[in-house]
Amino acid sequence: MREANRARVVESLKRHGRLTQIELAGSTGLSPATVSNIVKELTASGLLHTSFTSRSGRRATLVSLARRLGLVAGVHYSSRHLRIAIADTARTIVTQSSLPLPLDHRHDAELDRLALLLGDMMETIGGSLSDLLSVGLALPAPVDPRTGMISTPGLLRGWEGVDVAESLSARIGRQVHVDSEANLGGLAEAREGNGRTAASSVFIRVGHTISAGLIVGGDLFRGFNGKAGQIGHVTLDENGPICRCSNRGCLETYAGGPALLSLFPPSVGMHRLGDLLHAAEAGDGSARRVIADAGRHIGIAAASLCNLFDPELIVVGGELGQAGEILMAPMRHSLERTALPAAGGLPEIVGASFGEWAEARGAIAIAVDHVTVDAQNVPAPPDLPAASSLPFSA
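Below or above, wherever it landed, is the structure these notes cover. Just so we're clear, the structure is a prediction, and the values are computed from it rather than from any experiment. (Residues numbered from 1 in each chain as written. Predicted model: local features only at pLDDT ≥ 70, side-chain atom pairs only at ≥ 80, totals over all residues. Heavy atoms only, no water.)

## Let's talk about the sheet that holds strand S11 (residues 219-220)
As summarised here, the arrangement of the five strands in space is S11-S10-S9-S12-S13, forming an open sheet in which the pairing is mixed. Each edge of the open sheet carries a strand with a single partner, namely S11 and strand S13 (348-351). Relative to S13, strand S12 (residues 313-317) runs parallel, the two sharing four bridges. By the bridge assignment for S13, Val315 is matched with Val350. Along the sheet, helix H6 (residues 181-192) contacts strand S9 (200-206), strand S10 (210-216), S11 and S12; its crossing angle with S10, the most-contacted strand, is approximately 45°. (Pairing = 2+ DSSP bridges. Helix = DSSP H or I, 4+ residues; strand = E, 2+ residues; numbered from the N terminus. Contact = heavy atoms within 4.5 Å. Axes fitted to C-alpha atoms, helices over the stretch in contact; angles between N-to-C directions.)

Here it is, written out as structure tokens:
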């Protein structure tokens, strides 16, 4: 029983990052005295780290996995950017880097480059690839959880038919875990962001492409083939434009990055979503109108998702999510007009906590989830006092 309780504490910290002792008691179902004892044992053994914080004006003991356990990496390939973050097992970022990508990047060249970048980043902090415990990787397409491959043809050409985790692992000699960018963005928000207190939430990622991650009880709902949450391919008009998925009138053909940029003549210089965002921030009426129209379309699709999934909260992320209320206010209006009303009200729509780094943080989370931490064979210090005499901080 004692070993099982230790494991429950460690797994809870892997899942949530940092918790106070009272939060640990709530998440594990253990008594405060038992949690206090275990924290003392594992801190003395070097497995946990404690510090002091304040909760509601009261001093509290904050607990996390010790940094000495090692490092993990979170990697995010979006359609146009690569973001890499290296963190300790408490999810504290040690170093990070980002760079642009060509639109039609391929797995072989990009995984070769990633292996070199990871090695360089580890060297800058005095380590090597062998010091990485695990790597999480986010891709801009649905991933079949059974095979680790892209589950839908046409959504990420140049990466199809490839076990990406196995391919990267062969290059760097470390374990790799892969999921879609929307799933991992949603996981980051649910674990440590704006979705942390929600029983169920949807993370809608709006950028060059559009997709969603579905969270139920703090866990991802991927569906049978990993395609759950592909809101970008909800049909708005069955006679609409041809989508990259080969259907007509998908949400992406009205609100995805290429569709929005195509509305401007070449002379305007709208080549990337960043150009559109900067123009909107500067007060350009056309740019603001295009983003607002995108929000209206996304809200209609989100209403269908709400009618089917009934989430408590919607978190909006991705590059276009940085437009804030220009995008989200029309989303709310469409949602209120289109979704089935509920006695408890419709889901709140909020921006992402981590901006464009949400997906990399989610990749860090799955990397930590797969780190093996042995809490079973830790000897208790011989002079450990009895549980009843231990001081306990909330």
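## Some thoughts on the sheet that holds strand S7 (residues 132-139)
Taken together, five strands build an open sheet; the order of strands is S6-S5-S4-S7-S8 and the sheet is mixed. Edge positions in the open sheet fall to strand S6 (93-100) and strand S8 (176-180), since each of these has one partner strand only. If you compare each strand with its neighbour and ignore which way they point, the axes differ by 15° on average. Of the pairings in the sheet, the one linking strand S4 (residues 71-77) to strand S5 (residues 81-88) comprises seven bridges and is antiparallel in character. From the neighbouring strand, Val75 faces S5, where its bridge partner is Ile84. Contacts between helix H4 (residues 107-124) and the sheet are confined to S4, S5, S6 and S7, with S5 contributing the most and set at about 35° to the helix.

## So, the packing of aromatic side chains
A complete count under the given rule lists one aromatic pair for this structure. Seen from the ring of Phe354, Arg361 lies directly overhead, with NZ or CZ sitting 4.8 Å from the centre. (Phe/Tyr/Trp six-rings, centres within 6.5 Å; stacked < 30°, edge-to-face > 60°. Lys NZ or Arg CZ within 6 Å of the ring centre and 35° of its normal.)

## Here we look at the side chain of Ser180
Topologically, Ser180 is positioned in strand S8. Setting aside anything within four residues of it in sequence, one finds Ser180 in contact with Ala138, Leu139, Ala141, Pro142 and Val143.

## What to know about the environment of Arg6
Mapped onto the fold, Arg6 is located in helix H1 (residues 2-16). The sequence separation of Arg6 and Gln96 amounts to 90 residues, and the corresponding C-alpha distance is 32 Å. A polar side-chain atom of Arg6 sits 2.9 Å from a polar atom in the side chain of Glu41. (Polar contact = N/O pair within 3.5 Å; in protein donor to acceptor, adjacent residues only side chain to side chain.)

## Remarks on empty space enclosed by the protein
Evaluation of the coordinates by the stated rule reveals one cavity of 30 Å³ or more. The calculated volume of the largest cavity comes to roughly 70 Å³. Surrounding the largest cavity, 13 residues form its lining, Pro140, Ala141, Glu181, Ser211 and Gln230 being those nearest its centre. Tallied by class, the residues present in the lining of the largest cavity amount to six nonpolar, four polar and three charged. (1 Å grid on protein atoms, 1.4 Å probe; cavity = no way out; pocket = protein on both sides within 12 Å on 5 of 7 lines; lining within 4 Å. Points joined across faces, edges and corners; volume = space filled by probe spheres on them. Nonpolar A, V, L, I, M, F, W, Y, C, P; charged D, E, K, R; others polar.)

## Side note on the pairing of strand S3 (residues 58-65)
Consecutive side chains along a regular strand alternate between the two faces of the sheet. Among the eight residues that make up S3, six are buried, leaving the element largely enclosed by the rest of the structure. Relative to S3, strand S1 (residues 18-20) runs antiparallel, the two sharing three bridges. Paired with Arg18 across the strands is Ser64, a residue of S3. (Buried < 20%, exposed > 50% of the residue type's maximum accessible area, 1.4 Å probe, protein only.)

## Describing the environment of Ala60
With respect to the helices, strands and loops of the structure, Ala60 is situated in strand S3. Between the C-alpha atoms of Ala60 and Asp179, which are 119 residues apart in sequence, the distance is 35 Å.

## Describing the layout of surface pockets
Estimates place the volume of the largest pocket at around 390 Å³. What lines the largest pocket is a set of 19 residues, among which Leu103, Leu155, His208, Thr209 and Arg244 lie closest to the centre. If you list the elements that add at least two residues to the lining of the largest pocket, you get helix H7 (252-255) and helix H8 (257-261). In the lining of the largest pocket, the residues fall into eight nonpolar, seven polar and four charged.

## Structural notes on the state of the cysteines
All chains considered together, the criterion is met by zero disulfides. With no disulfide of its own, Cys245 has Cys250 as its nearest cysteine by sulfur position, at a separation of 3.6 Å. With a relative accessible area of 17%, Cys245 lands in the buried category. (Disulfide = S-S within 2.5 Å.)

## Concerning the packing of helix H10 (residues 285-309) against helix H11 (residues 325-338)
For any two helices packed against each other, one specifies the crossing angle of their axes together with the interaxial distance. Where H10 meets H11, the axes come as close as 7 Å, and the angle between the chain directions of the two elements is 40°. Classed by the angle they form, the pair H10 and H11 counts as oblique. Crossing geometry of H10 relative to H11 is assigned as right-handed. (Parallel < 35°, antiparallel > 145°, perpendicular 65-115°, else oblique. Left-handed = near helix turned anticlockwise from the far one by under 90°.)

## Quick word on helix H12 (residues 358-369)
For an α-helix, the turn length of 3.6 residues means that residues three or four places apart are oriented alike. Over its 12 residues, H12 extends 17 Å from the first C-alpha to the last, a length consistent with the 16 Å expected when each residue adds 1.5 Å. Burial runs high along H12: 11 of the 12 residues are buried. Along H12, the residues classified as buried are Ala358, Glu359, Ala360, Arg361, Gly362, Ala363, Ile364, Ala365, Ile366, Ala367 and Val368. (Expected span 1.5 Å × (residues − 1).)

## Observations regarding the nonpolar core
If you look at the biggest cluster of nonpolar residues, it comprises 40 residues, and the most contacted ones within it are Ile204, Leu276 and Leu320. Elements supplying a minimum of two residues to this core: S9, S10, H8, helix H9 (273-281), H10, S12 and H11. At 10 residues, the largest contribution of residues to this core is made by H10. In this view, Leu320 contacts Val206, Gly207, Ala255, Leu260, Leu273, Leu276, Leu277, Ile291, Ala294 and Leu327; residues no more than four positions away in its chain are not counted. (Core = buried A, V, L, I, M, F, W, Y, C linked by side-chain atoms within 4.5 Å.)

## A look at the pairing of S6
Pairing geometry for S5 and S6, over seven bridges, is antiparallel. The partner of Ala87 across the bridge, within S6, is Ile93. Here S5 folds back onto S6, and the loop between the two strands holds four residues, one of which, Arg91, carries a positive phi near 70°.

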